[in-house]
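Chain and residue survey
What follows is the residue order along each chain.
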Amino acid sequence: MQVSSDAASKAVPIGLYTPEERIRRDASPWTLVQGILAPLQFLVFLVSLGLVLRFLATGEGYVAATVSVVIKTIVLYIIMVTGSIWEKVVFGKYLFARPFFWEDVFSMLVLALHTGYLVAVATGADVTTQMTLALAAYASYVVNATQFVLKLRAARKQQEAMDAAAALAGAAQ
């Protein structure tokens, strides 16, 4: 069945984004915000992970570890809110848009574990429980970050293949 290119571009997603979604993604300032916040969050994660592991290994540096996990959680909340705005701009939904559905589902677990950590600190839970929750939150973050990186790499490779095919088609004409 042949569909006009205009109708096909609106109805059939090509790769991660339809052509219209790609235009909205490229035009959105939220794309740059996400591009800055994602590596920042990873850097905060690495520093905090080191502080948490140091505390668990030596019993020293509880305050530094705690402050670092709180900062990591704040950065997570910021990237989740701005990411939801980005998703709304690009896909028309704040969360669970088709291309990022499973990443968003897993992000809810990441948020729940980070929030659970904050509750544990606020309620005075045992410090080992707090740091174990922090490590669980961090493990879930690593899985979720990997989901996003793999998805974006696949989209980039697919776009490169589409660009190469278009260049070949143009050269053949």
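As a reminder, the structure under discussion sits directly above these lines.
Keep in mind that what you see is a predicted model, and the values were worked out from it rather than measured. (Residues numbered from 1 in each chain as written. Predicted model: local features only at pLDDT ≥ 70, side-chain atom pairs only at ≥ 80, totals over all residues. Heavy atoms only, no water.)

1. Observations regarding the overall build of the chain
For the chain, the count of helices and strands is six helices and zero strands. Reading the chain from its N terminus to its C terminus gives the helix and strand order α-α-α-α-α-α. Relative to its length of 173 residues, the chain is extended, with a C-alpha radius of gyration of 20 Å against a globular reference of 16 Å. Along the three orthogonal principal directions, the C-alpha set of the chain runs to about 70 × 30 × 25 Å. Within the chain, buried positions represent 32% of all 173 residues. Taking contacts inside the chain between residues at least 6 apart in sequence as the whole, the part at least 24 apart equals 68%. Summed over all atoms, the accessible surface of the chain reaches about 9,800 Å², with 72% contributed by carbon and sulfur. A gap of 2 Å separates the mean positions of the 13 positive and 11 negative side-chain charges of the chain. (Helix = DSSP H or I, 4+ residues; strand = E, 2+ residues; numbered from the N terminus. Rg over C-alpha atoms; globule rule 2.2 N^0.38 Å. Buried < 20%, exposed > 50% of the residue type's maximum accessible area, 1.4 Å probe, protein only. Contact = heavy atoms within 4.5 Å. Areas by Shrake-Rupley, 256 points an atom, 1.4 Å probe, with all protein chains shown as cover. Lys, Arg positive; Asp, Glu negative; His and termini not counted. Charge placed at Lys NZ, Arg CZ, Asp CG, Glu CD.)

2. Structural notes on the environment of L46
Within the secondary structure layout, L46 lies in helix 3 (residues 29-58). In the structure, L46 is positioned 92 residues away from Y138 in sequence and 9.6 Å away in space, judged by C-alpha atoms.

3. Here we look at a nonpolar patch on the surface
A cluster of nonpolar residues, V63, V67 and I71, forms a patch on the protein surface that exposes about 250 Å² of accessible area. By the secondary structure assignment, I71 is in helix 4 (residues 62-91). Assessed through its relative accessible area of 40%, I71 is described here as partly exposed. (Patch = residues over 30% accessible without salt bridge, like charges linked within 9 Å, V, L, I, M, F, W, Y side chains within 5 Å. Salt bridge = Lys/Arg side-chain N within 4 Å of Asp/Glu carboxyl O.)

4. A word on the pattern of salt bridges
When the charged atoms of two side chains with opposite charge come close together, those side chains can pair. Tallied over the full model, the rule gives four salt bridges. Measuring nitrogen to oxygen at the nearest pair gives 2.5 Å for the salt bridge that ties D26 to R25. A relative accessible area of 52% places D26 in the exposed class. A relative accessible area of 18% means that R25 is categorised as buried. Salt-bridge contacts for E60 lead to R54; the nearest nitrogen and oxygen are separated by 3.9 Å. Judged by relative accessible area, R54 falls into the partly exposed class, the value being 40%.

5. Describing unusual backbone geometry
Positive phi, close to 65°, is recorded for F96, a residue that is not glycine. With respect to the helices and strands, the residue F96 is situated in the loop between helix 4 and helix 5 (101-122).

6. Thoughts on helix 4
Here helix 4 is 30 residues long and its end C-alpha atoms lie 42 Å apart, about the 44 Å a rise of 1.5 Å per residue gives. Remark: G92 follows helix 4 within two positions and exhibits a positive phi of approximately 85°. (Expected span 1.5 Å × (residues − 1).)

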